Amino acid sequence: MGSAELLLIAGLLLIGIAVYLAVSTLLNESNKPQQLTWGEEGGPDKSKGGFIEFSRPLVHRLTLKWALKIKNPSYRRQVERKILTAGQERVLNVDEFIGLQILWGAFMPGLFIVVNFALELGYPPWLLVAMAILGFYFPHIHCNTERKKRYQSVIVDLPFFIDILALSTEAGLDFIGAINKVVEKAKASVLADELGKVLRDIKLGQSRADALRAMADRLDMTEVTSFVAMIIDSDATGGSIGQVLKDQSAQMRMTRFTRAEKAGARASQQILLPLVLFILPAVLIMVMGPIIIQFLGQGG
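Residues numbered from 1 in each chain as written. Predicted model: local features only at pLDDT ≥ 70, side-chain atom pairs only at ≥ 80, totals over all residues. Heavy atoms only, no water.

Novice: Please provide a residue-by-residue account of the nonpolar core, values included.
Specialist: Core analysis: the largest hydrophobic core is formed by 32 residues, its most contacted members being Phe 175, Val 224, Phe 227 and Leu 245. The set of elements that each furnish at least two residues to this core consists of α6 (138-170), α7 (175-185), α8 (190-203), α9 (208-219), α10 (222-237) and α11 (241-270). The element best represented in this core is α6, accounting for 7 residues. Residues contacting Val 224, with those up to four places away along its chain left out, are Val 154, Leu 158, Met 215, Ala 216 and Leu 219. Val 91, Leu 92, Trp 104 and Met 108 belong to the second-largest nonpolar core, a separate cluster that totals 17 residues. (Core = buried A, V, L, I, M, F, W, Y, C linked by side-chain atoms within 4.5 Å. Buried < 20%, exposed > 50% of the residue type's maximum accessible area, 1.4 Å probe, protein only. Helix = DSSP H or I, 4+ residues; strand = E, 2+ residues; numbered from the N terminus. Contact = heavy atoms within 4.5 Å.)

Structural data, given as structure tokens:
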């Protein structure tokens, strides 16, 4: 038996084991495997995407024990930071993130082997390593995607929220009362949820400055960090929070306008290539085609 047949058999075994464990886990009504690393918190929240929910049972059954053996403090802090800024702290924890890396880092090469030999595609062996790397980075890709979604949501809502905070403080509310009013009236969004967490942290005993800094750490955005720094500085110096909020709102709108101008400039540059390759030749054919046909007909 050659090496190709052995690789095919190994890949089929991996896929068979994965399918069996997935089916047996989904049919099992017990929630204990999902609570192995969440302690008394009642288990994780359900992910909005299918990637985590499909993979979590397999992680707890196959790779969690290996993930728990990875004790590198620096890497664990890096993963924890990535989960936090992606807003996934109630969906994933560090152990599950590492377990996902191990699971998909092994599953993707096995799937590649099966598909490559079953369909006789003849892909080179180095793609096996590439698939392993891709599977290993799947959780990173997921968190980066979620972080970008959060950024887009916050960057759109932030000027409006600051305007409402400024109006509320000018109407006589203190800053915490203004935040509470915004959270009550605003639609569900990333920024509204984060401000709600600020209120919760303050009720639990944190100072206003610490609660705002925690929000800035979770969002990890220059605009939010600047906003929080100005609020904390205003508290320290005794300045008017209402005026600070109005100035910050004007700055945010100017920044958003500048960003829109840059995006428009980039779009005009990006459309130039398809314009030259596809639209311009079609226009030339429509304009010059009848002339060329008439000229050839006269020459004949």
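That was the structure; now back to the text.
Novice: With reference to specific residues and values, describe the pattern of salt bridges.
Specialist: Going through the model one piece at a time under the given rule, you end up with 13 salt bridges. When the shortest N-O distance is used, the salt bridge between Arg 150 and Glu 194 registers 3.2 Å. Remark: Glu 194 occurs in helix α8 and Arg 150 occurs in helix α6; sequence separation between them is 44 residues. Residues Arg 200 and Asp 201 are paired through a salt bridge, measuring 3.5 Å at the closest nitrogen-oxygen approach. Of the residues examined, Arg 200 reaches a relative accessible area of 45% and is grouped as partly exposed. A single network of salt bridges, built from pairs that share partners, joins Glu 89, Arg 150, Glu 194, Lys 197, Arg 200, Asp 201 and Arg 218. (Salt bridge = Lys/Arg side-chain N within 4 Å of Asp/Glu carboxyl O.)

Novice: So what's going on with the layout of surface pockets? Which residues, and what values?
Specialist: Considering only enclosed or pocket space, the largest pocket measures out at about 640 Å³ in volume. For the lining of the largest pocket, the secondary structure elements donating two or more residues are α6 and α8. Across the lining of the largest pocket, the residue classes tally to 3 nonpolar, 7 polar and 13 charged. (1 Å grid on protein atoms, 1.4 Å probe; cavity = no way out; pocket = protein on both sides within 12 Å on 5 of 7 lines; lining within 4 Å. Points joined across faces, edges and corners; volume = space filled by probe spheres on them. Nonpolar A, V, L, I, M, F, W, Y, C, P; charged D, E, K, R; others polar.)

Novice: Quick rundown of the environment of Arg 253? Include the residues and the values.
Specialist: Take Arg 253: it is sitting in helix α11. In sequence terms Arg 253 and Val 156 are 97 residues apart; their C-alpha atoms lie 9.8 Å from each other.

Novice: I'd like to hear about the packing of α10 against α11, residue by residue, with values.
Specialist: At their nearest, the axes of α10 and α11 sit 10 Å apart, and the two run at 165° to each other. The orientation of α10 with respect to α11, classified from their angle, is roughly antiparallel. For α10 against α11, the interelement crossing comes out right-handed. Between α10, through Glu 223, Ser 226, Phe 227, Met 230, Ile 231, Ser 234 and Asp 235, and α11, the contact on the second element is made entirely by Ile 241, Val 244, Leu 245, Gln 248, Met 252 and Arg 259. Tallied by class, residues from the contact of α10 with α11 come to 7 nonpolar, 3 polar and 3 charged. (Axes fitted to C-alpha atoms, helices over the stretch in contact; angles between N-to-C directions. Parallel < 35°, antiparallel > 145°, perpendicular 65-115°, else oblique. Left-handed = near helix turned anticlockwise from the far one by under 90°.)

Novice: How would you explain the packing of aromatic side chains if you had to name every residue and give the values?
Specialist: If you walk through the whole model with that rule in mind, you get 5 aromatic pairs. Both rings, one in Phe 54 and one in Trp 104, keep their centres 6.5 Å apart while their planes meet at 50°; by these two values the pair is tilted. Of this pair, Phe 54 sits in helix α2 (residues 50-67) while Trp 104 sits in helix α4 (residues 94-118), and the two are 50 residues apart along the sequence. Phe 54 gets classed as partly exposed once you look at its relative accessible area, which sits at 47%. What makes Trp 104 buried here is its relative accessible area of 10%. The interplanar angle of 80° and the centroid separation of 5.7 Å between the aromatic rings of Phe 136 and Tyr 137 together place this pair among those described as edge-to-face. An aromatic cluster of at least three residues, connected via ring pairs, comprises Phe 54, Trp 104, Phe 107 and Phe 138. (Phe/Tyr/Trp six-rings, centres within 6.5 Å; stacked < 30°, edge-to-face > 60°.)

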